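The chain contents come next:
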Amino acid sequence: MKVCVIGTGYVGLVAGTCFAESGNDVICVDVDERKIASLKQGKIPIYEPGLEELIARSTAEGRLSFSTDLGAAVGQSLICFIAVGTPTAPDGSADLQYVERAAADIAKSMADYLVIVNKSNVPVGMAERVRQIVSTHTRVPFDVVSNPEFLKEGAAIQDFMNPDRVVIGSDSQRAIELMRELYSPFVRTERPILVMSAASAEMTKYAANAMLATRISLINEFANLCERVGGDIADVRRGVGFDERIGQHFLFPGIGYGGSCFPKDIKAIIRTAGERGLPFRLLTAVEDVNATQKRVLVEKVLAHFGQDLKGIRLALWGLSFKPRTDDMREAPSLVIVDGLRQAGAEVHAYDPEAMDEAKRVLGESVVYHRSNYDALVDADALLIATEWNEFRRPDFPRMRKLMRRAVIFDGRNVYDPPQMDMQGFTYYSIGRPVVRQET
Ligand SMILES: NC(=O)c1ccc[n+]([C@@H]2O[C@H](COP(=O)([O-])OP(=O)(O)OC[C@H]3O[C@@H](n4cnc5c(N)ncnc54)[C@H](O)[C@@H]3O)[C@@H](O)[C@H]2O)c1
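Each chain has its residues counted from 1, running along the sequence as written. Whole-chain, interface and lining totals are the exception, using all residues; otherwise, since this is a predicted model, local features are given only for residues with pLDDT of at least 70 and side-chain atom pairs are given and counted only at 80 or more. With hydrogens and water set aside, each side-chain value is computed from the structure's full complement of heavy atoms.

(A) Expanded view of the overall build of the protein chain. Within the protein chain one finds 17 helices and 14 strands. Along the longest, intermediate and shortest principal axes, the C-alpha atoms of the protein chain span 75 × 50 × 40 Å. Residues classed as buried in the protein chain amount to 54% of the 439 residues present. Pairs at least 24 residues apart make up 72% of the contacts formed inside the protein chain by residues separated by at least 6 positions. We get accessible surface area from the Shrake-Rupley algorithm with a probe of 1.4 Å; when it comes to residues, only the shown protein chains can shield them. Here the protein chain has roughly 20,100 Å² of accessible surface; of this, 50% comes from carbon and sulfur atoms. Measuring between centres, the 52 positive side-chain charges of the protein chain sit 1 Å from its 58 negative side-chain charges. A helix here means a DSSP run of H or I that spans at least four residues, while a strand means a run of E at least two residues long, and both kinds are numbered starting from the N terminus. Buried means the residue's accessible area, taken with a 1.4 Å probe over protein chains only, is under 20% of the maximum for its type, while exposed means over 50%, and partly exposed covers the values in between. Here a residue-residue contact requires only that any non-hydrogen atoms of the pair lie within 4.5 Å. When charges are counted, Lys and Arg contribute as positive and Asp and Glu as negative, whereas His and the chain ends are disregarded. In this description, the location of a charge corresponds to atom NZ of lysine, CZ of arginine, CG of aspartate or CD of glutamate.

(B) Seen up close, unusual backbone geometry. The phi angle at Arg 324 is positive, at roughly 65°, despite the residue not being glycine. You can see Arg 324 is positioned in the loop between β9 (313-317) and α14 (332-342). Arg 324 sits in the partly exposed class, given a relative accessible area of 42%. At Asp 378, a residue that is not glycine, the phi angle is positive and equals roughly 60°.

(C) Highlighting the site of the ligand. Around the ligand, a shell composed of 25 residues is seen, among which Asp 30, Lys 35, Thr 86, Glu 153 and Lys 264 lie nearest. We define a polar contact as two N or O atoms separated by no more than 3.5 Å, with the added condition that, inside protein, one atom must be a possible hydrogen donor and the other a possible acceptor, whereas residues neighbouring each other in sequence contribute only through side-chain atom pairs. Val 11 places a polar main-chain atom, nitrogen or oxygen, 2.9 Å from an oxygen atom of the ligand. The contact in question runs from an oxygen atom of the ligand to an N or O atom on the side chain of Arg 329, over 2.9 Å. Gly is put with the polar residues, along with every residue not named as nonpolar or charged; the nonpolar set is Ala, Val, Leu, Ile, Met, Phe, Trp, Tyr, Cys and Pro, and the charged set is Asp, Glu, Lys and Arg. Classifying every residue of the shell around the ligand gives nine nonpolar, eight polar and eight charged. Working definition: residue near molecule or strand if any one of its non-hydrogen atoms lies within 4 Å of it.

(D) Local environment of the packing of aromatic side chains. Stacked, tilted and edge-to-face pairs are distinguished by plane angle, under 30 degrees for stacked and over 60 for edge-to-face with tilted covering the rest, among Phe, Tyr and Trp rings (Trp via its six-membered ring) whose centres lie within 6.5 Å. Tallying each qualifying case throughout the model produces 17 aromatic pairs. Residues Tyr 183 and Phe 186 carry aromatic rings whose centres are separated by 6.0 Å and whose planes lie at 65° to one another, so their mutual orientation is edge-to-face. No difference in accessibility class separates Tyr 183 from Phe 186, as the two residues are buried. Aromatic ring contacts, followed pair by pair, group Phe 19, Phe 81, Phe 160, Tyr 183 and Phe 186 into a single cluster. Charges are assigned to positions over rings by a cutoff of 6 Å between ring centre and Lys NZ or Arg CZ, combined with an angular limit of 35 degrees from the ring normal. Above the face of the Tyr 113 ring, Arg 174 is positioned so that its terminal group lies 3.4 Å from the ring centre.

(E) Seen up close, the pairing of strand β8 (residues 193-196). At least two DSSP bridges between two strands are required for those strands to pair. For strand β7 (residues 166-169) and β8, the ladder comprises four bridges, and the chain directions are parallel. Within β8, the residue paired with Val 166 across the bridge is Ile 193. If the strands point away from the viewer and the path from the first strand over the helix to the second runs clockwise, then the crossover is right-handed. One crossover worth recording links β7 to the parallel β8 by way of helix α8 (residues 173-183), and it is right-handed.

Okay, here's the thing in structure tokens:
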């Protein structure tokens, strides 16, 4: 099938690449000329495990190409995906201008029947809005489909190739059949293709993100409660997670959710509901809890060292909002750096993949290091903000030698308290007993 994908971000690039991998002819389009120029040279603008190899293969075999020429791409396609950003507008709603612009641009270039598929996260009603925009510009027949994306950054290829389910929101039999055909290689393991109205599909994506974000805030609140009344959240998590009604996923306590989706989607749902006279109290609380949780490590540092951190040197391992991505959008590390800097601390950071992105976002507010051990030199404490695998089994004696004081604030519960006690560290984590060393 001839497919084009508008927007070559985390979603568009992965979707386009995976559709090409399954044998389709795919053109990925972006307005960002630098991005397209670097993709044409085989340089991938984002870090996503496995993506580079797949792109190299499909481009070499001529199934995948990149372009800034939206008109030409649309003119050659039967199915056109919109995968542009939907960031938060100043009033908290989803900023839909990029989707609207893409819809208008598509409409102006359509030559023949086209299935226009929205993959961006959008409020209910956007498929209808896209339909209206397109029909003001063209008389060429078309259908609009809502096809939300459920991939996780860091495991995006695996998720896209083996989806738990595919959601297709449309009332056009022709479009539904084409979408079924396009997705058939990815659902051979009997995973369902769920066909529903566009409105239900749009709501499904927001509801899924809202439920996951709620689980995170709920376990974080229990972790905070454990710290005050006793109990170890790691045991509690196992205790509830084996209940089949609850399950194990998204129950790891930490320093709050970040990334490009949960924060903005939760805001957008609250906003949409509020506009319709339905104050979404639960999600307002989820958001509130998350904002507090992002500061939890800073509060622990202030409680340990005192409110004034002048002269205190802190190492920070992990900057991306989660492991296996370079995405810094809404990362808890941003709140942590800000809080530590405001209290006067010097921050020395390391991240395996997000250093370039971090430099762009954080500038010179932190000192960047080439390895996690370099960041530890003369540090009064280490903070862990992202649970990269390479942080899981470090050389603890070497760390102690490098650091001025053996103190760790672990925002991701990467280590075990008894293990840290044995290694001679004062150790703070989330929802588990504090380990203190005699001084
Ligand atoms: N990142 C994720 O993990 C994820 C997962 C599921 C869904 N989503 C949703 O998918 C959408 C895209 O997310 P993302 O993380 O890939 O965004 P992104 O910001 O990484 O990429 C968006 C891309 O679209 C391009 N763009 C904007 N307007 C354009 C236009 N008119 N024509 C061509 N290109 C244009 C931008 O230049 C950018 O490269 C969002 O709505 C997001 O909520 C994201």
